[in-house]
Amino acid sequence: MGRPRVTEGLSREEAARRLGEYGANVVAQERRTPVWRRVLQQLRDPLIVVLLVAAVLTLATGDLPDAAVILLVITVNTAVGVVQEVRAERAVAALSALSAPAACVVRDGAECSVPAADVVPGDLVLLGEGDIVPADGTVLDAALLLVDESALTGESVPVEKTAAGDGAPGTVAADTVAAGTVVVRGRGRVQITGTGAHSALGRIAALMGTAPGLTPLQRRLARFGRALAAVTVALCAVVLALGLVRGQPVELMVVAAISLAVAAVPESLPAVITLALALGARRMADRHAIVRRLPAVETLGSVTVLATDKTGTLTEGRMAAEKLWTPQGEATVTGTGYAPEGRVTRDGRTVTASDAPDLAALLRAAMLCNDAALEPPPDDDTPWRGMGDPTEAALLTAGARLGLDRSALESELPRVSEVPFESARKRMTTVHRTPGGGLRIVCKGAPEAVLRPTVLTDTPDLLSQAAARAEELARGGYRVLAVASRDHQGPQPQGPDTWETGLSLLGLVGILDPPRDTSRTTVAACERAGITPVLITGDHPLTARAVAARSGIVARADEVTTGERIRQGTAGELTALRVYARTTPEQKLDIVQAWRTAGQVVAMTGDGVNDGPALRRADIGVAMGQRGTEVARQAADLVLADDNLATVVAAVEEGRRVYANVRRFLLYALSGGTAEILVMLLGPFFGMPLPLLPAQILWINLLTHGLPGVALGAEPVAPGVMRHPPRPPEESVLGAGLWPRILAMGAFVGAVTLVTGVWALETDRPWQSLMFLVLGATQLGVALGSRARPGSLANPFLLVAVATALALQVAGVYLPPLRALLGTEPLPPTDLVIAFALSGLGHVVMWAQRRLTDTSSSAAGLTCVRRAPRRRPGRVRRVGRGGR
């Protein structure tokens, strides 16, 4: 028994009272972070804290110039990070036009338009084609009401809605609508039952309360910062104690200890990271990807698992008629979107309506028994649009690609009557007047509803053949429609009960949401890079498996599970699976968390409301900007403004470039710091009480860690970076052999400097000035040897930075004001040539070391690529424990 009909709606006074009681119909959004809080978040970085301490100590010793330089680095780093976050927030806000701005309600018996935020429980809302449902509600009246629920459920096919009590037996929630879904056909009246936090959108938003944690790079740098701070304090204490034992003035040794602390800390590292991330964000913006949080750029480079949604992410988010079957044979329809451009091929050749009369008859009938329409684009940059039921729009597109004209068909065979589609009957029938005055009856619907002897007059063998082919297509992930017709020349049939009898089968049409053109190449690129792709969707298991196979996500039968099996606990180990179907938002959370618990770095892509919680829980969430819902965009770290999944692979490459440049800078900066420490510690044993003055150390540090160090952060991506496996998530930023390389280069630069000092001391040369020049110039040679693409002009900024730093280093020996500041002496030309020659050794040794390392890495990467396709998904967890 249905509910009583509501006609008057609420009174304006009652609506205002309920608005005060229940609150506005909005999902609680994240509070906008104030600028001062953003600044504090930037300053909490461990290395920034070390620099702040160094700045305070430098100020305490009265060294204002060096304190100013350190504070300038901190200020620039903080400003760049804050500006990028604010820009990203504004860019995402500009994509927020998909939420329902207004709703048509009945108040005091009259229709009126109110902001969607003012809709309250009990309101009577009128829905029409194209409307976004403003809140959860119960359907009171429905006329061919079809609602797209893909944003909530992942289902590509729209759902028919009926009035309460009128649905077919067994239908689930056929008489309810949910906030955020879209009406694609028909009209209806809905009584609102849940708004704001009590709606479907609100319940899903509640799952996204967890704040994003630290990224892999942030965790690595936090560990590195703590270790470096401890080592720095210990070294300062050692240097201070040794100096005091030798009888050096306390003030001088305190300054020397602070200078060593600044030398040991790569103060340009925050600037290098920020520059690398900002450049990555800019490159990605050029590719229509909006970075909401700068660290997200690097996080993609750490990804070991790419969990992707189906509808609108791997697929185009539309329906396409791809397979045609008639008793005479089969054909395939190709093309993109709803545009009429495309082909129909049979046996490898293109056919037209005149070449294939059986296909023409099938698609003519499908175009006549159809309520959808195709809207041509207003300009060259806008695609064709399907208006109405996407399934019917797909049939129109297929007919157009065979060369049929819908307008000409309707003029030739005008519709005179119809029996609309109903979920109980699972078919639709239309009646058309023929030019000769007779009638043509066309019926389309589910195979089980059409392939019946009571409907068709065809032989049992043909019906069995058609049913078998329909089942094959369904197993392949297609939604199958059967089409039949007959011409009636006698008196008009008495009524609808006689229209759907005596028909002849024209054929079958296989319809699906096709994978994007870039899906297979994107998945293949992930496999080559050692990233495991998995599919998580709310759609049917057969559809999910078919899309996964067509996209290149290979999954055996035992690697596909459903949300029901996960709920019952019979799905097995979640990380041993590749395809997850019929999942709820809560189960998507569980799946993402299972991979993360297994030690993986998970990137989740999606566009629906149901993807929001998983996007937030993943290490990095990637949302679609055009088709994506507001909930998905707000939950994501990265928004793809053009909805191109291939951009994710480019982002992974960008993230790996950022991380490689951070490690490149650490190798360069820490090897220089190691050399300075060795010179200061070992120099006294070779007859040099104070090998370098504090001002000289700070000058070298300023020049080498300044422009050249920052320029290293702009190095291009190294060739073959996407042929290497992802780095283990728990690996230290100095892991994978970087520590030995730092110590080796530091020892070499330190040895060259000490040998130069001993030689100059023995030959009565200005040994301190020569050591000062050699130490700085050799480190600059190391910078040139660190380039990702030596011999090219890929990063001219580095060449200019090194040349500038070298000129300033030489000026420190020859310009009187700098000589007075640094305590240096001018060198004869021969000594200057010797210093330059020795600095070239730094370039040669660094270049050779990098070549050896790159050769080893390439061999390891090739092994990974060859083995990746044979890797069992259940064993991918070992990556997180260094198992690769």
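Rules behind the numbers
- Counting restarts for each chain, with residues numbered from 1 along the sequence as it is written.
- Thresholds applied to this predicted model are a pLDDT of at least 70 for local features of residues and 80 or more for the giving and counting of side-chain atom pairs; totals over whole chains, interfaces and linings are not thresholded and use all residues.
- Side-chain measures here rest on the full set of heavy atoms in the structure, leaving out hydrogens and waters.
- Secondary structure counts use DSSP, requiring at least four H or I residues in a row for a helix and at least two E residues in a row for a strand, with both numbered from the N terminus.
- Between buried and exposed lies partly exposed: a residue is buried under 20% and exposed over 50% of the maximum accessible area for its type, with that area taken using a 1.4 Å probe on protein chains only.
- We get accessible surface area from the Shrake-Rupley algorithm with a probe of 1.4 Å; when it comes to residues, only the shown protein chains can shield them.
- The pairing criterion for strands is at least two bridges between them, as found by DSSP.
- To obtain each axis, a line is fitted to C-alpha atoms, and for helices this fit is confined to the stretch in contact; angles are then taken between N-to-C directions over 0 to 180 degrees.
- Note on definitions: a residue-residue contact is assigned when non-hydrogen atoms from the two residues lie within 4.5 Å.
- Throughout this description, the term salt bridge denotes a Lys or Arg side-chain nitrogen within 4 Å of a carboxyl oxygen of Asp or Glu.
- Aromatic pairs are defined between Phe, Tyr and Trp rings, using the six-membered ring for Trp, whenever the two ring centres lie within 6.5 Å; interplanar angles under 30 degrees are classed as stacked, those over 60 as edge-to-face, and all others as tilted.
- Should the NZ of a Lys or the CZ of an Arg lie within 6 Å of a ring centre and within 35 degrees of the ring normal, that charge is described as sitting over the ring.
- In this description, a nonpolar core means a group of buried Ala, Val, Leu, Ile, Met, Phe, Trp, Tyr and Cys residues linked to one another through side-chain atoms lying within 4.5 Å.
- Here the expected span of a helix is defined as 1.5 Å times the quantity of residues minus one.
- The sign given to each residue is positive for Lys and Arg and negative for Asp and Glu; His and the chain ends receive no count.

Caption draft 1: Molecular detail of the overall build of the protein. The helix and strand tally for the protein stands at 31 helices and 26 strands. Across the 884 residues of the protein, 55% fall into the buried class. Approximately 36200 Å² of the protein is accessible, and the part contributed by carbon and sulfur atoms is 59%.

Caption draft 2: Molecular detail of the sheet that holds strand β22 (residues 560-562). Across the sheet, eight strands lie side by side as β8-β26-β25-β24-β9-β21-β23-β22; this open sheet has mixed pairing. One side of each edge strand has no neighbouring strand; the edge strands of this open sheet are β8 (289-291) and β22. Pairs of neighbouring strands in the sheet enclose a mean axial angle of 20 degrees, with direction left out of account. Where helix α21 (residues 585-597) meets the sheet, it contacts β9 (305-308), β21 (532-536), β23 (579-581) and β24 (602-606), and its direction lies at approximately 155 degrees from that of β24. This element, helix α24 (residues 646-682), spans β8, β9, β24, β25 (620-624) and β26 (638-640) of the sheet and lies at about 140 degrees to β26.

Caption draft 3: Inspection of the pattern of salt bridges at higher detail. Summed over the entire model, instances satisfying the criterion amount to 25 salt bridges. Taking the shortest distance from any N to any O, the salt bridge between Arg189 and Asp141 comes out at 2.6 Å. You can see Arg189 sitting in strand β7 (residues 182-194) and its partner Asp141 sitting in strand β4 (residues 136-148), a full 48 residues away along the chain. Here Arg189 and Asp141 have matching classes, each one buried. Among the charged side chains, a network of salt bridges with common partners joins Glu14, Arg17, Arg18 and Glu21.

Caption draft 4: Seen up close, the packing of aromatic side chains. Taken as a whole, this structure holds zero aromatic pairs when the rule is applied. Just above the ring of Tyr338 sits the side chain of Arg318; from NZ or CZ to the centre is 5.6 Å.

Caption draft 5: Geometry of the pairing of strand β16 (residues 415-422). Pairing between β16 and strand β17 (residues 427-433): five bridges, direction antiparallel. From the neighbouring strand, Glu422 faces β17, where its bridge partner is Arg427. In textbook terms, the turn of a hairpin is the stretch between consecutive antiparallel strands, and for β16 and β17 this stretch comprises four residues, one of which, Lys426, has a positive phi near 60 degrees.

Caption draft 6: Highlighting the nonpolar core. Core analysis: the biggest nonpolar cluster contains 104 residues, and Phe224, Leu300, Leu638, Leu692, Val733 and Leu734 have the highest contact counts within it. Top contributing element to this core by residue count: α24, with 18 residues. Beyond its immediate chain neighbours, meaning those up to four positions away, Val733 contacts Arg220, Leu221, Phe224, Tyr659, Val662, Arg663, Leu666 and Leu738. Among the nonpolar cores identified, the runner-up in size contains 36 residues, and Met319, Ala393, Val442 and Leu481 belong to it.

Caption draft 7: Expanded view of α24. Look at α24: 54 Å from first C-alpha to last across 37 residues, which is about the 54 Å you get at 1.5 Å a residue. Counting buried positions over the 37 residues of α24 gives 32, a clear majority of the element.

Caption draft 8: The arrangement of the side chain of Arg787 in detail. By the element assignment, Arg787 lies in the loop between α28 (767-785) and α29 (796-814). The side chain of Arg787 is buried and forms no salt bridge, while Glu715, the nearest opposite charge, is found at 4.5 Å.

Caption draft 9: A look at unusual backbone geometry. Even without glycine at this site, Asp108 takes up a positive phi of about 55 degrees. Turning to its location among the elements, Asp108 is positioned in the loop between β1 (102-107) and β2 (110-115). Although it is not a glycine, Asp764 adopts a positive phi angle of roughly 60 degrees. Tracing the backbone shows Asp764 in the loop between α27 (738-762) and α28. Under the relative-accessibility criterion, Asp764 is labelled exposed at 72%.

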